[in-house]
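Analysis of the macromolecular model
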Amino acid sequence: MPTSPSRPSRPSRPSESFQSFHQSVIDEFRANGGKVGGPFEGGDLLLLTTTGARSGASRTTPLGYVRHGDSLLVVGSNLGGPRHPGWYHNLLAHPVVRVEIGTRSFEALAVPAEGARREELFAHVVRAEPGYGDYQAGTDRLLPVVVLERAEPDGWEGPGEVRTLADKLMEVHTWLRAQLAQVRAEVDAHFAARAAHQGAGAPPAPGLGLQIRQRCLAFCQALEFHHASEDGHLFPGIARHHPHLTDVFDRLDGEHRTVARIQGELAALLAGIAIADPRRFRTELAAMSAELNAHLDYEEHALLPLLADVPWPPVMP
């Protein structure tokens, strides 16, 4: 059986004792550079921090993991119980998670595997840790296999050294453009694969899969956070020093509302586990791309010259 935190004996009072056990593992992990003793000594252990689907609060869970190429795999075994663990529901609502391994900490995109890929990856997990096969045999629930992969878009290198607030704004804008471009490329690839399918074998599923859903949801949440930060801090701060730019900020505010409306429509399509209406999703995604890129172009033209001499990180008084 795997030596992992998916395998402790059941506590007598799960809601309190199990949480206390988890916290003791977390504390020991962080105090000893990722090493823990007891039943998990020598096992592959990570800490997964998710954002609560309902509460919005951070939740950290110790989990066993299995490597697969450059990715990490975690399984929603929940001791072989009848329900998915809470952290799995959290990452469906907030796909960007924080992972701690040893002394390293990094953000990752959490993508549950589907179909034949899930079967392949689960077989890989069971070869490494046979106990997960016993968990699966003991429940009617299909145990989720979650791939923790790079949160950044493919090929992301960043815009270079960030020394000013203008550099920081360009870094965020470049990331947003790249994430949106990757989502569009994955959607286009799905449609192309369906159009090209011939002969034996099942074509790609008609709905769009979890890979596209998770990356698009992560993009939408990052965009929402960025615009909220601009509306709450950046724009008011600039406006105080440049009152003659009222028309500029009125336009940016209107563009934020337009983007937010399209983003809300995309979010509604992302509400299910799969994107069941791919053609409408593709239309809304194209509208988002056109509006957002035009907005970013205008914002850069209007604001970058004003921010070029503002140091980043900010200099504390």
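Above this text you will find the structure in question.
All figures in this text were calculated on a predicted structure; none of them were measured in a lab.

Here we take up the sheet that holds strand E2 (residues 58-64). Pairing is antiparallel across the open sheet formed by 7 strands, whose spatial order is E2-E1-E5-E6-E7-E4-E3. Only two strands of the sheet have a single partner each, and these edge strands are E2 and strand E3 (66-68). Here the strands of the sheet are splayed against their neighbours by 35 degrees on average, with no regard to which way each runs. Sheet topology places strand E4 (residues 71-75) next to strand E7 (residues 145-150); 4 bridges connect them, and they run antiparallel. Residue pairing across strands places leucine 73 opposite valine 147, the latter belonging to E7. Docked against the sheet, helix H3 (residues 115-128) engages E3, E4 and E7, running at close to 130 degrees with respect to E3.

Moving on, we get to the pattern of salt bridges. Applying the stated criterion across every chain yields a total of 12 salt bridges. Across the salt bridge formed by arginine 261 and glutamate 265, the nearest N and O atoms sit 3.5 Å from each other. Residue arginine 261 and its partner glutamate 265 are located together in helix H7 (residues 246-269), separated by 4 residues, close to a single helical turn. Shared partners join several salt bridges into a network, and the residues in it are Arg177, Asp297 and Glu300.

With 7 bridges joining them, strand E1 (residues 45-51) and E2 adopt antiparallel strand pairing. Paired with leucine 46 across the two strands is leucine 63, which belongs to E2. Hairpin connection between E1 and E2: a loop of 6 residues separates the two successive antiparallel strands, and glycine 56 in this loop has a positive phi of roughly 75 degrees.

Val187, Phe219, Phe281, Leu285 and Met288 are the most contacted members of the largest nonpolar core, which has 25 residues in total. Residue assignment for this core shows that the elements contributing at least two residues are helix H5 (165-196), helix H6 (210-241), H7 and helix H8 (278-307). Setting aside its immediate chain neighbours within four residues, leucine 285 contacts Leu180, Val183, Arg184, Val187, Cys216 and Leu266. Core analysis: the next-biggest nonpolar cluster, separate from the first, contains 18 residues, Leu46, Trp87, Tyr88 and Val97 among them.

The next subject is H3. The end-to-end C-alpha separation of H3 is 20 Å, in line with the 20 Å expected for 14 residues at 1.5 Å each. For H3, every residue scored as buried is listed here: Arg118, Leu121, Phe122 and Val125. Projected onto a plane normal to the axis of H3, the buried residues spread over an arc of 105 degrees and lie on a single side. Seen from the open side of H3, the exposed residues pointing more than 90 degrees away from its buried face are Ala116 and Arg127. Residues of H3 that are buried in the fold lie against E3, E4, helix H4 (131-137) and E7.

The final tally for this structure, using the stated rule, is 2 aromatic pairs. Between the aromatic rings of phenylalanine 235 and phenylalanine 249, the centroid separation amounts to 5.4 Å while the plane-to-plane angle is 55 degrees, which identifies the pairing as tilted. Here phenylalanine 235 is found in helix H6, whereas its partner phenylalanine 249 is found in helix H7, with 14 residues between them in sequence. Overall, the relative accessible area of 7% leaves phenylalanine 235 in the buried class. The side chain of arginine 251 reaches across the aromatic face of tyrosine 298, ending 3.6 Å from its centre.

Cut-offs applied
Residues numbered from 1 in each chain as written. Predicted model: local features only at pLDDT ≥ 70, side-chain atom pairs only at ≥ 80, totals over all residues. Heavy atoms only, no water. Pairing = 2+ DSSP bridges. Helix = DSSP H or I, 4+ residues; strand = E, 2+ residues; numbered from the N terminus. Axes fitted to C-alpha atoms, helices over the stretch in contact; angles between N-to-C directions. Contact = heavy atoms within 4.5 Å. Salt bridge = Lys/Arg side-chain N within 4 Å of Asp/Glu carboxyl O. Core = buried A, V, L, I, M, F, W, Y, C linked by side-chain atoms within 4.5 Å. Buried < 20%, exposed > 50% of the residue type's maximum accessible area, 1.4 Å probe, protein only. Expected span 1.5 Å × (residues − 1). Arc of directions from axis to C-beta. Phe/Tyr/Trp six-rings, centres within 6.5 Å; stacked < 30°, edge-to-face > 60°. Lys NZ or Arg CZ within 6 Å of the ring centre and 35° of its normal.

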